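Examination of the molecular architecture
The primary structure of each chain is shown beneath.
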Amino acid sequence: MKFFRPNVLKETEDGYVLVGQKCKCCGKIAYPKRRVCPECFSDELEEYVFPKQGILHTYSCTYLGEPHLAAPYIFGFVDFPEKVRVPALITGCDPEGKDLRCDMPVEMVIDVLNVDENGERIYTYKFIPGKEAQA
């Protein structure tokens, strides 16, 4: 699989997960990975694996935007319990976001972002409404 940003994903036995970093000095968890901790500027960092579930903080249905994305598409921000907010595309719902709401559970999936000039699919992480929200 070819990924849009391979450095933010890691394959595990449970599938792909988002990865960031945790500072060994102050414990700050950050996304995406950086050279130094954004809190204390230490370079003593370790990989941190985020859970697949988060909470949709906010979102917007976009009709004009990135030329490589078919409109309309939904862009949002997902909060994790670690006090980290991640930008993400939202999928698996009404294309205008009519069935979304802020503070609803969402779950990370791997999905096609677009196709490159050679016809190869490029994948990225996206979020879908969580199981509790679909019930």
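Structure's up top.
This report concerns the structure included in the present document. Given the structure is predicted, the values throughout are model-derived calculations rather than measurements.

1. Side note on the overall build of the chain
For the chain, the count of helices and strands is one helix and ten strands. Its helices and strands in sequence order give the chain the pattern β-β-β-β-β-β-β-β-β-β-α, from N to C terminus. The C-alpha radius of gyration computed for the chain amounts to 16 Å, which stays within 12% of the reference 14 Å derived for 135 residues, consistent with globular compactness. For the chain, the C-alpha atoms occupy an extent of roughly 45 × 40 × 30 Å along the three principal directions. Expressed as a percentage of its 135 residues, the buried residues of the chain come to 38%. Restricting the contact set of the chain to residue pairs at least 6 apart, pairs at least 24 apart contribute 47%. Here the chain displays about 8100 Å² of accessible surface, and carbon together with sulfur accounts for 49% of that area. Averaging the coordinates of the 17 positive side-chain charges in the chain and doing the same for the 21 negative ones gives two points 3 Å apart.

2. Quick word on the side chain of glutamine 21
As for its placement among the helices and strands, glutamine 21 is situated in strand β3 (residues 15-23). Reaching out from glutamine 21, the side chain makes a polar contact with the backbone nitrogen of arginine 34 at a distance of 2.8 Å. In contact with glutamine 21, not counting residues within four places along its chain, are Lys28, Ile29, Ala30, Lys33, Arg34, Val36, Cys37, Pro38, Leu45, Glu46, Glu47 and Tyr48.

3. Regarding unusual backbone geometry
Between tyrosine 31 and proline 32 the backbone carries a cis peptide bond, its omega angle lying at -5°. Tracing the chain through its elements places proline 32 in the loop between β4 (29-30) and β5 (45-49). A cis geometry characterises the amide bond from alanine 71 onward to proline 72, with omega recorded as -5°. Mapped onto the secondary structure, proline 72 falls in the loop between β6 (53-62) and β7 (73-80).

4. Notes on the nonpolar core
In this structure, Leu18, Tyr125 and Phe127 are the most contacted members of the largest nonpolar core, which totals 25 residues. Elements that contribute at least two residues to this core include exactly β3, β7, β8 (84-90), β9 (105-115) and β10 (121-129). With four residues, β8 is the largest single contributor of residues to this core. Each residue touching phenylalanine 127, except ones within four places of it in the same chain, is listed here: Leu18, Lys52, Val78, Phe80, Ala88, Leu89, Ile90, Thr91, Val106, Glu107 and Met108.

5. What to know about the pairing of β7
In the sheet, β6 pairs with β7 via seven bridges, with the strands oriented antiparallel. Counterpart to threonine 58 in the pairing with β7 is phenylalanine 77. Summarising the sheet, β7 and β8 pair through seven bridges and their orientation is antiparallel. Paired with phenylalanine 75 across the strands is leucine 89, a residue of β8.

6. So, the environment of valine 8
Within the fold, valine 8 resides in the loop between β1 (2-3) and β2 (9-12). A C-alpha to C-alpha distance of 6.6 Å links valine 8 and proline 32, two positions 24 residues apart in sequence. What valine 8 contacts, discounting residues up to four positions off in sequence, is Val17, Leu18, Val19, Tyr31, Pro32 and Tyr125.

Reading guide: rules and limits
Residues numbered from 1 in each chain as written. Predicted model: local features only at pLDDT ≥ 70, side-chain atom pairs only at ≥ 80, totals over all residues. Heavy atoms only, no water. Helix = DSSP H or I, 4+ residues; strand = E, 2+ residues; numbered from the N terminus. Rg over C-alpha atoms; globule rule 2.2 N^0.38 Å. Buried < 20%, exposed > 50% of the residue type's maximum accessible area, 1.4 Å probe, protein only. Contact = heavy atoms within 4.5 Å. Areas by Shrake-Rupley, 256 points an atom, 1.4 Å probe, with all protein chains shown as cover. Lys, Arg positive; Asp, Glu negative; His and termini not counted. Charge placed at Lys NZ, Arg CZ, Asp CG, Glu CD. Polar contact = N/O pair within 3.5 Å; in protein donor to acceptor, adjacent residues only side chain to side chain. Core = buried A, V, L, I, M, F, W, Y, C linked by side-chain atoms within 4.5 Å. Pairing = 2+ DSSP bridges.

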